[in-house]
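The primary structure of each chain is shown beneath.
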Amino acid sequence: MDTVSLSPAHDAVVRLLQISDPHLYAEEDGRLLGVRTADSFKAVIKAIVDQKLSFDLVLATGDLSQDYSAGSYQRFAEAVRPLGKPLFWLPGNHDDGPLMRNVMPEVGISNARQILLPHWQVIMLDTQVYGVPHGWIKPDQLSFLEQCLASEPDRFALICLHHHCHPVGCGWLDQHDLKNANHLLDLLARYPRSRLVLGGHVHQEYDRVHNGIRFLTSPSTCIQFMPGCNDFTLDDAGPGWRHLQLYADGHVATQVWRLPTGSFLPEAFATGY
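First things first, this report covers the structure right here in the doc. Within each chain, residue numbers correspond to sequence positions counted from 1 in written order. Given that this is a predicted model, residues contribute local features only at a pLDDT of at least 70 and side-chain atom pairs are listed and counted only at 80 or more, while totals for whole chains, interfaces and linings are drawn from all residues. As a rule here, side-chain values cover all heavy atoms of the structure and leave hydrogens and water aside.

## Quick word on the pairing of strand E10 (residues 194-199)
Okay, step 1: Of all six residues in E10, five are buried, a share of seventy percent or more.
Okay, step 2: A pair of strands counts as paired when DSSP detects no fewer than two bridges linking them. A run of H or I in DSSP counts as a helix once it spans at least four residues, and a run of E counts as a strand once it spans at least two, with each numbered from the N terminus. Taken together, the four bridges between strand E9 (residues 156-160) and E10 define a ladder with parallel strand orientation. When the bridges of E10 are listed, Leu158 appears paired with Leu196.
Okay, step 3: Note: E10 against strand E12 (residues 213-217), four bridges, orientation parallel. Each bridged residue has a counterpart across the sheet, and for Val197 the counterpart in E12 is Phe215. The classification of residues rests on relative accessible area computed with a 1.4 Å probe and restricted to protein chains. Under 20% of the type maximum is buried, over 50% is exposed, and intermediate values are partly exposed.

## Section: the packing of helix H4 (residues 139-151) against helix H6 (residues 181-189)
Geometrically, a packed helix pair is captured by the angle between its two axes and the distance between the axes.
Okay, step 1: Axes here mean lines fitted to C-alpha atoms, for a helix over just the part in contact, with angles spanning 0 to 180 degrees between N-to-C directions. Where H4 contacts H6, the two axes come as close as 11 Å, and the packing angle between them is 15°. Taken together, the axes of H4 and H6 are roughly parallel relative to one another. Considering how the two elements wind past one another, H4 and H6 form a crossing that is right-handed. When H4 is examined against H6, the residues Leu142, Leu145, Glu146 and Leu149 are found in contact with a partner set consisting of His183, Leu184, Leu187 and Leu188.
Okay, step 2: Under the scheme applied here, ten amino acids are nonpolar (Ala, Val, Leu, Ile, Met, Phe, Trp, Tyr, Cys and Pro), four are charged (Asp, Glu, Lys and Arg), and all others, including Gly, are polar. Across the contact of H4 with H6, the residue classes tally to six nonpolar, one polar and one charged. Working rule for angles: under 35 degrees goes down as roughly parallel, over 145 as roughly antiparallel, 65 to 115 as roughly perpendicular, anything else as oblique. By convention the crossing between two helices is left-handed if the near helix lies anticlockwise of the far one by an angle smaller than a right angle, and right-handed if it lies clockwise. In what follows, residue pairs with any heavy atoms lying within 4.5 Å of each other are defined as contacts.

## Some words on the packing of aromatic side chains
Where two aromatic rings form a pair, the distance of their centres and the angle of their planes describe that pair.
Okay, step 1: We call Phe, Tyr and Trp rings a pair once their centres come within 6.5 Å, taking the six-membered ring for Trp, and we label the pair stacked below 30 degrees between planes, edge-to-face above 60, and tilted otherwise. Overall, the coordinates contain eight aromatic pairs when judged by the stated rule.
Okay, step 2: Each ring, one from Phe41 and one from Phe76, has its centre 5.5 Å from the other, and the planes form 15°; the classification is stacked. Here Phe41, found in helix H1 (residues 37-51), pairs with Phe76, found in helix H2 (residues 70-80); they are 35 residues apart in sequence, far enough to count as distant. The residues Phe41 and Phe76 share a single accessibility class, namely buried.
Okay, step 3: Note on Phe232 and Tyr273: the rings are 6.3 Å apart at their centroids and 50° apart in plane angle, and the pair reads as tilted. Residue Phe232 is located in the loop between strand E13 (224-225) and strand E14 (234-235), and its partner Tyr273 is located in the segment after strand E16 (252-258); the two are separated by 41 residues in the primary sequence.
Okay, step 4: Residue Phe232 is classed as buried on the basis of its relative accessible area, which comes to 13%.
Okay, step 5: Each member of the aromatic cluster is reached from another via a ring pair, and the members are Trp172, Phe225, Phe232 and Tyr273.
Okay, step 6: Across the ring face of Trp89, the terminal group of Arg113 is positioned such that the distance to the ring centre comes to 4.2 Å.
Okay, step 7: The ring of Phe156 is capped by Arg193, whose NZ or CZ atom sits 4.3 Å from the centre of that ring. We call a charge positioned above a ring when the Lys NZ or Arg CZ atom is no farther than 6 Å from the ring centre and deviates by at most 35 degrees from the ring normal.

## Side note on the environment of Pro118
Okay, step 1: Assignment of secondary structure puts Pro118 in the loop between strand E7 (114-117) and strand E8 (120-124).
Okay, step 2: The exposure class assigned to Pro118 is buried, which follows from its relative accessible area of 17%.
Okay, step 3: Residues Pro118 and Gln74, 44 residues apart in the sequence, show an inter-C-alpha distance of 31 Å.
Okay, step 4: If near-sequence neighbours (up to four positions away) are discounted, Pro118 is found in contact with Leu6, Pro8, Asp11 and Val14.

Here it is, written out as structure tokens:
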């Protein structure tokens, strides 16, 4: 089923948690640039649980896997179980989208793409181009998005995707953006209740308003990319997550949280991955 409805206890504000880019492997010892991603992901989940922040659902915005394996998605499902809330996902450039659609229901995670909430809807889009780092939004995804927006004209819209729509100021990353972002932006411009676009992919925070729509990206739960660098550069900022509050009047409040600086440091002087 592509559409689900959720009714949080307090419909005046819906609270969401975003986790992104864990880059997990089937093997627990799998490492990305020296970081055991299963460990960093577990540490983030534990910090969220210990933090006792209130949230109604979880959004996972891609690159759940690094090795395209069913085992990595099973590892993801086991790790997020302590969160105890409905979770919705979309594929990133390191994922196997068709495999995910088969595996996720088997491990208790919904394949829903449209989540109806009081006053809001969340729409999960697939921008993956298999085997390459950049993104592309295909006609079927644009049609699905327009169907969701047109069918719920009274709800504000939060659109989730993996790839970034605007340059983030990193030359090496910005060549791996959403290549036909103009198609998405033109469509959203026709629906004034489109308020927020939430993504991953860039392993850093980004916040921009364009034509009345707020565009956010968030840290990875493993390695971080240094903002403002033309060449591949890693950051020593800790793995992170984002908390969002969606209000009945369309207002959005959000905050990024991180593990301490220096947590899960990757290999020094890495030039790519």
